[in-house]
Amino acid sequence: GHFQTPFDFSTIASYQVTAESLSNKRYTSVKILNEWKPSLFGYPVNLNTFLLNENSISIGTSNPIVATIENPNLRIREFGYEINIDTRNNAAWPTQGVFNSFQNTFGSTYLGSDIKYSRYTFSSAIFFPLYKKLSGAVIVGGSIIGNVTDKNGSVVTPPASRRSSLTDISQV
């Protein structure tokens, strides 16, 4: 038929500690990921759901503006899902096809997060042959984060770890 669902389901738990030099914060996160890889009309589809627990601890800063904006220690707990549709002829070195990705995450005070938010991220990469084994790509994408409030319902700036950068949307 046009829809296949092989048994390809996994759960991944990871632990990561990173430091951000601008805000002098240490991030510790644990992410539990469930992945399901059905096939739709012969194309691989990847459906992910995940829970994230991230703690950021301020380790001080010499910049008073950065200290005011980014100083608080935060606990972020989010739930999210991601849908990827891949029509590339080769995932490692594609010469034609499209890779589409849509992700939606929710930070929730009901899960114990210090802030609440909704974030939507999408990207699309179109690959095409240029000459013999040389290929080109056009990548577009973006991210929107909204409804960012603290536990008291006050509007706050999204934390640095939840904001997007150009590298977030250009990874394929």
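The structure under discussion appears in the preceding block.
These numbers were taken from a predicted model, which means no experiment stands behind them. (Residues numbered from 1 in each chain as written. Predicted model: local features only at pLDDT ≥ 70, side-chain atom pairs only at ≥ 80, totals over all residues. Heavy atoms only, no water.)

(A) Region of interest: the overall build of the protein chain. The helix and strand tally for the protein chain stands at 2 helices and 9 strands. Ordered by position from the N terminus, the helices and strands of the protein chain form the series β-β-β-β-β-α-β-β-β-β-α. Counting across all 172 residues of the protein chain, residues that qualify as buried make up 31%. Considering only residue pairs separated by 6 or more positions, the protein chain has 54% of its internal contacts joining residues 24 or more positions apart. Summed over all atoms, the accessible surface of the protein chain reaches about 10700 Å², with 60% contributed by carbon and sulfur. (Helix = DSSP H or I, 4+ residues; strand = E, 2+ residues; numbered from the N terminus. Buried < 20%, exposed > 50% of the residue type's maximum accessible area, 1.4 Å probe, protein only. Contact = heavy atoms within 4.5 Å. Areas by Shrake-Rupley, 256 points an atom, 1.4 Å probe, with all protein chains shown as cover.)

(B) Region of the structure containing the nonpolar core. By size, the foremost hydrophobic cluster in this structure holds 5 residues: Leu 74, Ile 76, Ile 115, Tyr 117 and Val 148. Elements supplying a minimum of two residues to this core: strand 6 (74-86) and strand 8 (115-131). (Core = buried A, V, L, I, M, F, W, Y, C linked by side-chain atoms within 4.5 Å.)

(C) Seen up close, the packing of aromatic side chains. Per the counting criterion, the structure on display carries 1 aromatic pair. Relative to Phe 102, the ring of Tyr 81 has its centre 6.3 Å away and its plane inclined at 50 degrees; by these criteria the two rings are tilted. Of this pair, Tyr 81 sits in strand 6 while Phe 102 sits in strand 7 (residues 97-107), placing them 21 residues apart in sequence. When its relative accessible area of 32% is taken as the criterion, Phe 102 is described as partly exposed. Over the ring of Phe 50 we find Lys 31; its NZ or CZ atom is 4.3 Å from the centre of that ring. (Phe/Tyr/Trp six-rings, centres within 6.5 Å; stacked < 30°, edge-to-face > 60°. Lys NZ or Arg CZ within 6 Å of the ring centre and 35° of its normal.)

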